[in-house]
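Next come the chains, spelled out residue by residue.
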Amino acid sequence: MTSAARMHVEALAGAIGARGSCTPEEARGHAYCSKALSEMGYAPHTETFRAPLSVWMPYALASGLALLAAFLFYTQGGAGALAGAALMLLVVSSTFLQLAHRDNALRWLLPTGESQNVWAQCQPAQTAAGTVVFVAHVDTHRHAWVMSASGPFLLLRTLSTLAPAAYIGLLLVCIVRLFAPLPELYPISLVLAALALPVFGLALWPDFTRFVPGANDNASGVAAVLEYAARLRVTPLRSTRVIFLFTGCEEVGAFGAAAFARQHPELSDANYLVVDNIGGRDTHPHYLLSETLLTALHPDPALLAVAERVAAEHASRPIMSRHLQASFTDLTPLALAGRRAIAFVSYRASDGMIPDWHQPTDTVARMDWDAYARTREYVWSVLQALDERG
């Protein structure tokens, strides 16, 4: 089946290429998935939604407003402190809402675009006793240096913790200045602004870079789900309906998965299997134990138990678990919507990173087809176990 996967990955990451969120190329990627499903005999559906154009712009705007607040505080006396307090109240509240994947004022100030989800379903051989939704995102990210290696990613994780604390500190400094004009508040404001400055630069920079080809992230996940669709078209599961969902705008905040959850309340009892980044060079299959931006979100305990049991049955080939920090997959909005979900991602054992993550080198030539096949078969075994459980 890997020959079919090669065809899908080459079509998406090669012929179509970079598939930025809300771009015509992302729409072409979804059209490819729809056509592939139709050629298998399915009846695919396309559903549109609107989403922000960048995951970085809200954080660049927040840090920029923090720098402006610090400038006003330092130069405009009491009036500057009042303006700074108002700005920082906006920044603090919006930043925490953004980290929680909730709507906020920073998003209202930024442009949006139209994206889409594509999905189709396969009925079981017998009466359906449950539903499994495979989830794979079609869009690709921009080139982001902070995700290029473990060192820069540690910097991102550190700043993700320090920046909100600095925003709260600057808000408190502005409020205190309104009631007590203490001279030591000014150097404190400069220190806090110094923490916001690198966040501003790192968050602003990616939106001036190109979208990456996204062979591993996430043409590999799309290819796996299309392979599952081909298998199940020939031999459906015994008693489990399977839905193949190809989401848009995962890279800018997983808005496709969130839109699907809103638009399909009838699937609130389904099990969601997220497949993302499974073909990186020298990687091993992992199931995620949590995803954390603001607070930790966990997979469904029952799905986690099945994933652990199937991993133990594949003991001859290492299958590991991992906590995902300062990032997310389509699991995050599904968990926030109360859906039962688990995510599968392949990481390098040497440094715990995804190879070529959001880099121009994420090309078809860099795919590790043995690693891809290992994770594809592991997730397929999880599906079989869910069907046997009924």
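These remarks concern the structure in this document. Predicted model, so just to flag it, every value in this text is computed and none were measured.

This part covers the overall build of the protein. A count of helical and extended segments in the protein gives twelve helices and nine strands. At 22 Å, the protein has a C-alpha radius of gyration in line with the 21 Å of a compact globule built from 390 residues. With the C-alpha coordinates aligned to their principal axes, the bounding extent of the protein is approximately 75 × 40 × 40 Å. Here the protein holds 390 residues, and 57% of them are scored as buried. Surface summary for the protein: the accessible area is close to 15,300 Å², and the carbon and sulfur share equals 61%. Looking at charge distribution, the protein has the averaged site of its 27 positive side-chain charges lying 1 Å from that of its 31 negative ones.

Before going further, it helps to spend a moment on the pattern of salt bridges. This model, assessed by the stated rule, comprises seven salt bridges. Arg309 is the salt-bridge partner of Glu313, the closest N and O atoms lying 3.2 Å from each other. In this pair, Glu313 and Arg309 both sit in helix H10 (residues 301–313), four residues apart, roughly one turn of the helix. Judged by relative accessible area, Glu313 falls into the exposed class, the value being 56%. Overlapping salt bridges, with partners in common, bring together Glu227, Arg231, Arg376 and Glu377 in one network.

Right, let's get into helix H7 (residues 185–204). Between its first and last C-alpha atoms H7 spans 28 Å; for 20 residues at 1.5 Å apiece the expected length is 28 Å, and the two agree. Taken together, the buried positions of H7 are Leu185, Ser189, Leu192, Ala193, Ala196, Val199 and Ala203. Residues of H7 that are buried sit in contact with helix H3 (57–75) and helix H6 (150–179).

Here we take up a nonpolar patch on the surface. A surface patch of nonpolar side chains, amounting to about 590 Å² of accessible area, comprises Leu82, Ile168, Leu172, Ile175, Leu178 and Phe179. The dominant element in the nonpolar patch, judged by the number of residues it contributes, is H6, at five residues. Secondary-structure assignment places Leu172 in helix H6.

In this structure, Phe134, Phe244, Phe246, Tyr287 and Tyr378 are the most contacted members of the largest nonpolar core, which totals 56 residues. Element by element, the count of residues in this core is highest for helix H8 (residues 215–234), at ten residues. Excluding anything up to four places from it in sequence, Tyr287 contacts Leu304, Ala307, Glu308, Ala311, Ile319, Met320, Ser321, Arg322, Ile342, Ala343, Phe344 and Tyr378. Residues Met147, Ala257, Leu288 and Phe328 belong to the second largest nonpolar core, which totals 44 residues.

Note that the residue after Asp217, namely Asn218, is joined by a cis bond; omega there is 10°. Following the sequence through the fold, Asn218 ends up in helix H8. With phi around 60°, Ala326 is a residue other than glycine that occupies positive phi space. Along the chain, the position of Ala326 falls in the loop between strand E8 (320–325) and helix H11 (331–336).

Let's shift gears to the packing of H3 against H7. Across the interface, H3 lies against H7 with an axial gap of 8 Å and an inter-helix angle of 155°. When the axis of H3 is compared with that of H7, the two are roughly antiparallel. Where H3 crosses over H7, the two elements pack in a sense that is left-handed. Where H3 approaches H7, its residues Tyr59, Ala60, Ser63, Gly64, Ala66, Leu67, Ala70, Phe73 and Tyr74 are matched on the opposing element by Leu185, Tyr186, Ser189, Leu190, Ala193, Ala196, Leu197, Val199, Phe200, Ala203 and Leu204. Each residue belonging to the contact of H3 with H7 can be placed in one class, and the counts come to 17 nonpolar, three polar and no charged.

In this structure, Ser3 sits in helix H1 (residues 2–16). In this structure the C-alpha to C-alpha distance between Ser3 and Arg376, which are 373 residues apart in sequence, comes to 13 Å.

It is worth spelling out the side chain of Ser290 at this point. Inspection of the secondary structure assignment puts Ser290 in strand E6 (residues 283–292). At 2.6 Å, the side chain of Ser290 forms a polar contact with the side chain of His323. The contacts of Ser290, once residues within four sequence positions are left out, are Ala296, Leu297, His298, Pro299, Arg322, His323 and Leu324.

Calculation notes
- Residues numbered from 1 in each chain as written.
- Predicted model: local features only at pLDDT ≥ 70, side-chain atom pairs only at ≥ 80, totals over all residues.
- Heavy atoms only, no water.
- Helix = DSSP H or I, 4+ residues; strand = E, 2+ residues; numbered from the N terminus.
- Rg over C-alpha atoms; globule rule 2.2 N^0.38 Å.
- Buried < 20%, exposed > 50% of the residue type's maximum accessible area, 1.4 Å probe, protein only.
- Areas by Shrake-Rupley, 256 points an atom, 1.4 Å probe, with all protein chains shown as cover.
- Lys, Arg positive; Asp, Glu negative; His and termini not counted.
- Charge placed at Lys NZ, Arg CZ, Asp CG, Glu CD.
- Salt bridge = Lys/Arg side-chain N within 4 Å of Asp/Glu carboxyl O.
- Expected span 1.5 Å × (residues − 1).
- Contact = heavy atoms within 4.5 Å.
- Patch = residues over 30% accessible without salt bridge, like charges linked within 9 Å, V, L, I, M, F, W, Y side chains within 5 Å.
- Core = buried A, V, L, I, M, F, W, Y, C linked by side-chain atoms within 4.5 Å.
- Axes fitted to C-alpha atoms, helices over the stretch in contact; angles between N-to-C directions.
- Parallel < 35°, antiparallel > 145°, perpendicular 65-115°, else oblique.
- Left-handed = near helix turned anticlockwise from the far one by under 90°.
- Nonpolar A, V, L, I, M, F, W, Y, C, P; charged D, E, K, R; others polar.
- Polar contact = N/O pair within 3.5 Å; in protein donor to acceptor, adjacent residues only side chain to side chain.

Function cannot be read off these values alone, since they describe shape.
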